[in-house]
Amino acid sequence: MSNSVKNNFEIDAVITWVDGSDDVWRNKINTHLEKKIDWNNKVSSKRYNSIDEIELTIESIIKFAPFIRTIFIVTDNQKPKAFDKLKEKGKKVNVNLELVDHTVIFKDFENYLPTFNSCSIITALYRIPTLAEHFIIFNDDTLLMRDTKVEDFFINGLPVIRGRWDSFYSNNWFRKTYNKYFNKNLKTNVGYKHLQQKSAKIVGFEKKYVRRDHTPVSVRKSTLVNFFSKHPTLLENNIKHKFRNNDQFIISSLSNHIEIKNETYVLKTNFQLTYFRTYKTIPTIFKLFWFDLNKKKLFICLQSLELGKKSMQIYVLKWINKKIYN
């Protein structure tokens, strides 16, 4: 049975990924940086390091979201080590795997390549030629850890938005005071929440925005096609930066707020997420234990797992492997 028959409409997954261990790519990025990355320093290179989480992300989608038609992996002329094996595994449940190079989604904008900016790359994901109308954006460190259904991402064809209403920093007296007197990195630090707020303002929100976390994002291709057909300059201005810039917006939040403005969405305030940024022993073990107890949780996000102690990496990966491979 085809996935389109099972779902009544096709759904794709899109993952952005870079192999930070690739010497060709390392030389390329350092060519465009004034301050070169020291690849022997795990902290300074942490944005680009990994322990092959991409393979676990793909495995988790194949196992826990077999309604997906195609998993697109967007790369800069790279290929995950286990891609061929995973492609064969996906075929068994009618999930296809495809590689998409940056040159494809940057068609007519090749002068902005190479790019090392996730905000720029994700902005152009909707330009994948064979992408389904309904698709889900995954980071390469965000995994499904329980069985999911179509309605976890789209209800009656409308995107499920996981988020909570929050005030803009500019309307929050504490944040305004902190930024004015204490935030020395305000001009150089490109914050995740800042980019979300900027995205909401572009759509016309003035007082509040829907703040999201590191969960998969449900998107309708036509929403972005229609928006950028009316605002082509916004598209080019957002993808032209090789590295993250405060002038940018984040496409997931832009898409969310377009849908909210058009009243074509379903809001879920439960993120259903367990998020890891540090890997101290007791908090990490407790988070995994709580995920097992809380059956409503679906996702985990493993930021910078390679920075954790080897013993903790083994513990976390063993926990993940037990769920994916058993």
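Residues numbered from 1 in each chain as written. Predicted model: local features only at pLDDT ≥ 70, side-chain atom pairs only at ≥ 80, totals over all residues. Heavy atoms only, no water.

Novice: Lay out the packing of helix α9 (residues 221–230) against helix α10 (residues 232–239) with the relevant residues and their values.
Specialist: In the contact formed by α9 and α10, the axes pass within 5 Å of each other and the chain directions differ by 100 degrees. One way to sum up the angle between α9 and α10 is to call them roughly perpendicular. Every residue of α10 that contacts α9 at Phe227, Phe228, Ser229 and Lys230 is listed here: Pro232, Leu234 and Leu235. In the contact of α9 with α10, the residues fall into five nonpolar, one polar and one charged. (Axes fitted to C-alpha atoms, helices over the stretch in contact; angles between N-to-C directions. Helix = DSSP H or I, 4+ residues; strand = E, 2+ residues; numbered from the N terminus. Parallel < 35°, antiparallel > 145°, perpendicular 65-115°, else oblique. Contact = heavy atoms within 4.5 Å. Nonpolar A, V, L, I, M, F, W, Y, C, P; charged D, E, K, R; others polar.)

Novice: Any details on the nonpolar core? Residues and values, ideally.
Specialist: Counting 45 residues, the largest nonpolar core has Ile68, Ile71 and Ile320 as the members making the most contacts within it. Ranked by the residues each element gives to this core, the list is headed by helix α3 (residues 53–64), at six residues. When neighbours within four sequence positions are excluded, Ile320 is seen to be in contact with Leu56, Leu143, Met145, Ile300 and Leu302. (Core = buried A, V, L, I, M, F, W, Y, C linked by side-chain atoms within 4.5 Å. Buried < 20%, exposed > 50% of the residue type's maximum accessible area, 1.4 Å probe, protein only.)

Novice: Please set out the pairing of strand β12 (residues 273–276) residue by residue, giving values where relevant.
Specialist: Two elements, β12 and strand β13 (residues 299–302), share four bridges in a ladder whose sense is parallel. Bridge assignment links Thr274 to a residue of β13, and that residue is Ile300. In terms of handedness, the path from β12 via helix α12 (residues 281–293) over to β13 forms a crossover that is right-handed. (Pairing = 2+ DSSP bridges. Right-handed = clockwise from strand over helix to strand, strands pointing away.)

Novice: Could you give an account of helix α13 (residues 310–325), naming the residues involved and the relevant values?
Specialist: The end-to-end C-alpha separation of α13 is 21 Å, in line with the 22 Å expected for 16 residues at 1.5 Å each. Here α13 has its buried residues at Met312, Gln313, Val316, Trp319, Ile320 and Ile324. Viewed along the axis of α13, the buried residues span an arc of 135 degrees, placing them on a single side of the element. Exposed side of α13, more than 90 degrees from the buried face: Lys310, Ser311, Ile314, Lys318 and Lys322 are the residues found there. Buried-residue contacts for α13 involve α3, β5 (142–144), α12 and β13. (Expected span 1.5 Å × (residues − 1). Arc of directions from axis to C-beta.)

Novice: Residue-level account of unusual backbone geometry, with values.
Specialist: The linkage connecting Leu113 with the following residue, Pro114, adopts the cis geometry, with an omega of 0 degrees. Of note, the phi angle at Asn156 is positive, near 55 degrees, even though the residue is not glycine. Inspection of the secondary structure assignment puts Asn156 in the loop between β6 (154–155) and β7 (158–162). Even without being a glycine, Gln272 presents a positive backbone phi close to 55 degrees. As for its position among the elements, Gln272 is in the loop between β11 (266–268) and β12. Assessed through its relative accessible area of 11%, Gln272 is described here as buried.

Novice: Can you tell me about a nonpolar patch on the surface, naming the residues and giving the values?
Specialist: Among the surface-exposed residues, Phe286, Phe289, Trp290 and Leu293 lie close enough to one another that they form a single nonpolar patch of about 460 Å² accessible area. Tracing the backbone through its elements, the reader meets Phe289 in helix α12. (Patch = residues over 30% accessible without salt bridge, like charges linked within 9 Å, V, L, I, M, F, W, Y side chains within 5 Å. Areas by Shrake-Rupley, 256 points an atom, 1.4 Å probe, with all protein chains shown as cover. Salt bridge = Lys/Arg side-chain N within 4 Å of Asp/Glu carboxyl O.)

Novice: Quick one: what's the story with the packing of helix α8 (residues 192–203) against helix α11 (residues 251–261), residue by residue and with numbers?
Specialist: Closest axis-to-axis distance for the α8/α11 pair is 8 Å, and the angle between their directions is 40 degrees. The orientation of α8 relative to α11 falls into the category oblique. Helix-helix and strand crossings are classified by hand; for α8 and α11 the assignment is right-handed. Together, Gln196, Ser199, Ala200, Ile202 and Val203 of α8 and Ser253, Leu254, His257, Ile258 and Lys261 of α11 make up the contact between the two elements. Here the residues of the contact of α8 with α11 sort into five nonpolar, four polar and one charged. (Left-handed = near helix turned anticlockwise from the far one by under 90°.)

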